[in-house]
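Structural overview for review
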Amino acid sequence: MRALFLLTLVGCEHGQTPFGGDGPGPSDGAMGCLPELLVEGELIDWDSSESAFQGVFGATLTQLGDPNVTVTTAPNGRLSFCATRSDPFVFSVDADSDGHLSGTLTIEPEVVGGSFTPLSLRTIRPIRASKFFGELSLPAFDASAAQVVVLQTGDRSTLTLSGTHDTPQQGDDVGNGMITWSAGATGRYVLFPNVTPASSVMLSGDPLGPRPIPAVAGQLSLVAISFVFE
């Protein structure tokens, strides 16, 4: 599912404010967060593209385990803040004010500082999700189920998810910020639709090992992983 957190995580110094959209680049702004990490990016709508950009304004991102780490998206969906180091990084994503699905964002430590692809995760409104599932000939969008979306920022592997869900879908960038979808689980994005809610489900296929992730009823579980085949 295309809900986009374009996030870059690099070192920053505690107690200082990270740079904003008009400030210096990451190599300079990172020094404002050390020993924590600078998180940068944007949260955008499911169908946003370069030619029809739509940021999600007023969404709140809060780090689990450190409620003092929280940020609200700007009108263009931009984010820039210092995060506490963790393995993995887990954030709550509250986008309800704009009608988009809320949920969680889990980032593997291997993604930090080593990804080939920006962390691009998008959020979707339920009415759009219902139409999107129809376009893919999936069973109807279940608003009471969890929707799990995985971004593979480095190389790609065929992923699997424990528990009950409908046929996985894979998405790839075809230019202009648009994603095309088809059945499969090896794309840059992998959607596991209508996952039966559970305290955690196991994501497998990542060469670095299986990963437990939340599967919360009525929410998106956004996951970013990274690995390189040698």
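Scroll up to find the structure this text is about.
Residues numbered from 1 in each chain as written. Predicted model: local features only at pLDDT ≥ 70, side-chain atom pairs only at ≥ 80, totals over all residues. Heavy atoms only, no water.

**Concerning the nonpolar core**
Selection criterion: Here, nonpolar core refers to any group of buried Ala, Val, Leu, Ile, Met, Phe, Trp, Tyr and Cys residues whose side-chain atoms link them within 4.5 Å. Under the scheme applied here, a residue whose accessible area is under 20% of the maximum for its type counts as buried, over 50% as exposed, and between as partly exposed, the area being computed with a 1.4 Å probe on protein chains only. Between two residues, a contact is recorded if the distance between any of their heavy atoms is within 4.5 Å.
Judged by nonpolar contacts, the single largest core of 38 residues is most densely connected at Leu 61, Phe 81, Phe 91, Leu 105, Ile 107, Phe 132 and Trp 181. If we skip the residues at most four places from it in the chain, Phe 91 touches Leu 61, Thr 62, Gln 63, Leu 64, Phe 81, Ala 83, Gly 103, Thr 104, Leu 105 and Ile 107. Core analysis: the second largest hydrophobic core is formed by 16 residues, Leu 161, Ala 185, Val 190 and Ile 213 among them.

**Quick notes on the side chain of Arg 211**
Stated precisely, the cut-off is as follows: A run of H or I in DSSP becomes a helix once it reaches four residues, and a run of E becomes a strand once it reaches two; helices and strands are each numbered from the N terminus. Any pair of N or O atoms that falls within 3.5 Å is considered a polar contact. Within protein, one atom must be able to donate a hydrogen and the other to accept it, and sequence-neighbouring residues count only if both atoms are side-chain atoms.
Checked against the element boundaries, Arg 211 lands in strand 15 (residues 211–215). Side-chain polar atoms of Arg 211 contact the side chain of Glu 108, separated by 2.7 Å. Once residues within four sequence positions are removed from consideration, Arg 211 is found in contact with Glu 108, Glu 110, Val 201, Met 202, Leu 203 and Asp 206.

**Some words on the sheet that holds strand 10 (residues 160–161)**
Put simply, the rule reads: In this scheme, strands are said to pair when DSSP sees at least two bridges between them.
As summarised here, the arrangement of the three strands in space is 10-14-15, forming an open sheet in which the pairing is antiparallel. Of all the strands in the sheet, the pair left with one neighbour each is strand 10 and strand 15. Taken together, the four bridges between strand 14 (residues 198–204) and strand 15 define a ladder with antiparallel strand orientation. Bridge assignment links Val 201 to a residue of strand 15, and that residue is Ile 213.

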